[in-house]
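Coordinate analysis (summary)
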Amino acid sequence: MSSIQIKSALISVYNKENLAPIITKLHALGVTFYSTGGTEKFIKDLGFSVIPVENLTSYPSIFGGRVKTLHPKIFGGILYRRDNQNDVKEATQYDIPAIDLVIVDLYPFEETVAAGGLPEEIIEKIDIGGIALIRATAKNFQNTLIISSRKQYIDFGHLLEQKSGKTDLSDRKTYAAKAFDTSSHYDSAIFNYFNAEEQLPVLKNSIQEAKTLRYGENPHQKGTFYGNIEALFETLNGKELSYNNLVDVDATIQLIDEFEDERKAGKSTFCIIKHTNACGVATANTTLDAYLTALACDPVSAFGGVIITNTTIDVATAQELQKLFFEVLIAPNYDADALAILKEKKNRILLKRKNVTFATKQIKTLLNGIIEQDKDLKMETAQDLKVVTTKIPTKSEINAMLFANKIVKHTKSNTIVLAIENKLLVSGVGQTSRVDALKQAIEKAANFGFNLAGCVMASDAFFPFPDCVEIAHKAGITAVLQPGGSIKDQDSIDYCNAHGVAMVLTGTRHFLH
């Protein structure tokens, strides 16, 4: 049964775009059509004869169209094994015609949910007959071919032309795999719709788009991106994003989105990321000033980094960016002349960001399973700060601490961020102790010749001992932000009170691993 000539086809689809050429080719090959409802009318309107399913089953479409194809004469014609004598005998006995091809396009359940359909509309878009047809045909791939989505129409049209209506076992098995992908994805979407309310402790995550990457984190590792990257960005220049690029791009997006209020106020923010950690962040009145200030934080680490801004790239900024080697630049828009300048380096990746809402859950493979958590969407405001010292921070210090806290949230723990208003100075990242993170930041500041006098410090977690505030005070830091929560919080507060340092507590920890 390796090669089979298509002689009969059952066609029942929701979306008929690109279907007409398929019908025309099948008709030219002498294929008998079975259909129902709108698809039956569609075939007739093309001028071709079609046998209504009702004529085959002797049952009309009933219950408002909920039951049309669910009948032994339909599923028998799909499922009976052509090389099984008993199956052939029963098909003859019950006058069940063979169906060699089934074309289905399911009701648009996901689209209806996404469009905000009413509950009754959504429920009616749960396809029953279509799913059953897909599974039955795919199961009997030895004898039948299933086209399970309108996305397959064009490829199937090419197959018809190449093989003159014949299918090989490999063709049928490939389309069977695609069919079970279609059905499992559809069922997962339905489950997730119901489970949004029921909250069963079950994870079903189905992504049908995939892109093979050049390699994974290292050249000896394979890598694949599951998702639709084109929905997020328009690629204006450069090579394809690598695994590491994607990881850093994700980090830049998460960080820049913390500065939405600044953007709405007409200010520009630039973030420069290296290995998911910020090495430059600044907000300014102009795009150029924001970039130059961010770059000045750490021009060494900025080399080969990923850069993002929340305002349009103009010519002056492009001219400065042109002086730096970087992997990726992301912006909501580019002036035409600025884009021409940046495109002079052909491998440089230039992305124009689209307005997309991201998921509020995060998942990660771990050990022999997967862990899931709510995304950290909390960001503190001035109203969330609790002053715990006799010295009250100035308005400038409060602004600087809130700015630093945004960076802390998106920096690998343990982390300390030192900043002034609207500018990152230095940070200590990914250290095994908070003291080490602070010392790393202070040493880095010394290497770049930064004066830390009057700057602020933000920490992702509490201080178990007063050593950090002591080191910070001796370095010139005048205000400290931390979540609090240590049984020895008072020790750090007492040190600050004794040395004229302001401290505020946020009540929220921002670990990042």
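In what follows, the accompanying structure is described.

What follows is about the overall build of the protein. Within the protein one finds 19 helices and 23 strands. Taking 513 residues into account, the globule formula puts the C-alpha radius of gyration at 24 Å, and the protein, at 31 Å, lies well above it. Considering only C-alpha atoms, the protein reaches an extent of 100 × 55 × 45 Å along its principal axes. Across the protein, the fraction of contacts at a sequence separation of at least 24, relative to all contacts at a separation of at least 6, is 57%. Here the protein displays about 25,500 Å² of accessible surface, and carbon together with sulfur accounts for 52% of that area.

Next up on the list: helix 18 (residues 467-474). For helix 18, every residue scored as buried is listed here: C468, V469 and A472. Down the axis of helix 18, the smallest arc covering the buried residues is 95°, so these residues share one side. Those residues of helix 18 hidden inside the fold are in contact with helix 17 (434-448), strand 21 (456-459), strand 22 (479-482), helix 19 (489-499) and strand 23 (502-505). Count one or two residues on from helix 18 and you reach G476, which has phi positive near 105°.

This part is about the pattern of salt bridges. What the rule picks out here adds up to 20 salt bridges. Across the pair E40 and K44 runs a salt bridge whose closest N-O atoms are separated by 3.0 Å. In this pair, E40 and K44 are both assigned in helix 2 (residues 37-45), 4 residues apart and thus about one turn of the helix distant. Residue classification places E40 among the buried residues on the basis of a relative accessible area of 12%.

Once that is clear, we can look at the nonpolar core. Nonpolar side chains in soluble globular proteins generally cluster together in the buried interior. Grouped together as the largest cluster of nonpolar side chains are 40 residues, with contacts concentrated most on F233, L241, V249, V281, V328 and I330. Those residues within four positions of L241 in sequence are excluded, and the remaining contacts are L213, I229, L246, V249, V328, I349 and L351.

This part takes up the side chain of K406. Residue position: K406 is located in helix 16 (residues 395-409). Classification of K406 as buried rests on a relative accessible area of 10%. In terms of polar contacts, K406 uses its side chain to reach the side chain of E262, at 2.7 Å. In contact with K406, other than residues within four places in its own chain, are L255, E258, F259, E262 and M379.

This brings us to the sheet that holds strand 2 (residues 8-13). Taken in spatial order, the 5 strands of this open sheet run 4-3-2-5-6, and their pairing is parallel. Here the strands that pair on one side only, and so sit at the sheet edges, are strand 4 (51-52) and strand 6 (145-147).

So, on to a nonpolar patch on the surface. The grouping of L203, I363 and I370 at the surface amounts to a nonpolar patch, some 260 Å² of accessible area in total. Residue placement: I363 occurs in strand 16 (residues 361-366). Owing to a relative accessible area of 42%, I363 belongs among the partly exposed residues under this scheme.

With that out of the way, let us pick up unusual backbone geometry. The omega torsion of the bond from S413 to N414 falls at -10°, within 30 degrees of zero and hence cis. Here N414 lies in the loop between helix 16 and strand 19 (416-420). Although it is not a glycine, N18 adopts a positive phi angle of roughly 70°. Positioned with a positive phi, D95 is a non-glycine residue whose angle comes to about 55°. By the secondary structure assignment, D95 is in the loop between helix 5 (85-93) and strand 5 (101-105). Of the residues examined, D95 reaches a relative accessible area of 56% and is grouped as exposed.

Okay, helix 1 (residues 20-28) next. The set of residues buried in helix 1 consists of I22, I23 and L26. All buried residues of helix 1 lie within an arc of 95° about the axis, which places them on one face of the element. Phi turns positive one or two residues past the end of helix 1, at G30, with a value near 80°.

Counted by the stated rule, this structure contains 0 disulfides. Free of any disulfide, C297 has its nearest neighbouring cysteine sulfur in C279, separated by 8.2 Å. We classify C297 as buried; its relative accessible area is 1%. C468 forms no disulfide, and the closest cysteine sulfur to it belongs to C496, at a distance of 11 Å.

Conventions used here
- Residues numbered from 1 in each chain as written.
- Predicted model: local features only at pLDDT ≥ 70, side-chain atom pairs only at ≥ 80, totals over all residues.
- Heavy atoms only, no water.
- Helix = DSSP H or I, 4+ residues; strand = E, 2+ residues; numbered from the N terminus.
- Rg over C-alpha atoms; globule rule 2.2 N^0.38 Å.
- Contact = heavy atoms within 4.5 Å.
- Areas by Shrake-Rupley, 256 points an atom, 1.4 Å probe, with all protein chains shown as cover.
- Buried < 20%, exposed > 50% of the residue type's maximum accessible area, 1.4 Å probe, protein only.
- Arc of directions from axis to C-beta.
- Salt bridge = Lys/Arg side-chain N within 4 Å of Asp/Glu carboxyl O.
- Core = buried A, V, L, I, M, F, W, Y, C linked by side-chain atoms within 4.5 Å.
- Polar contact = N/O pair within 3.5 Å; in protein donor to acceptor, adjacent residues only side chain to side chain.
- Pairing = 2+ DSSP bridges.
- Patch = residues over 30% accessible without salt bridge, like charges linked within 9 Å, V, L, I, M, F, W, Y side chains within 5 Å.
- Disulfide = S-S within 2.5 Å.

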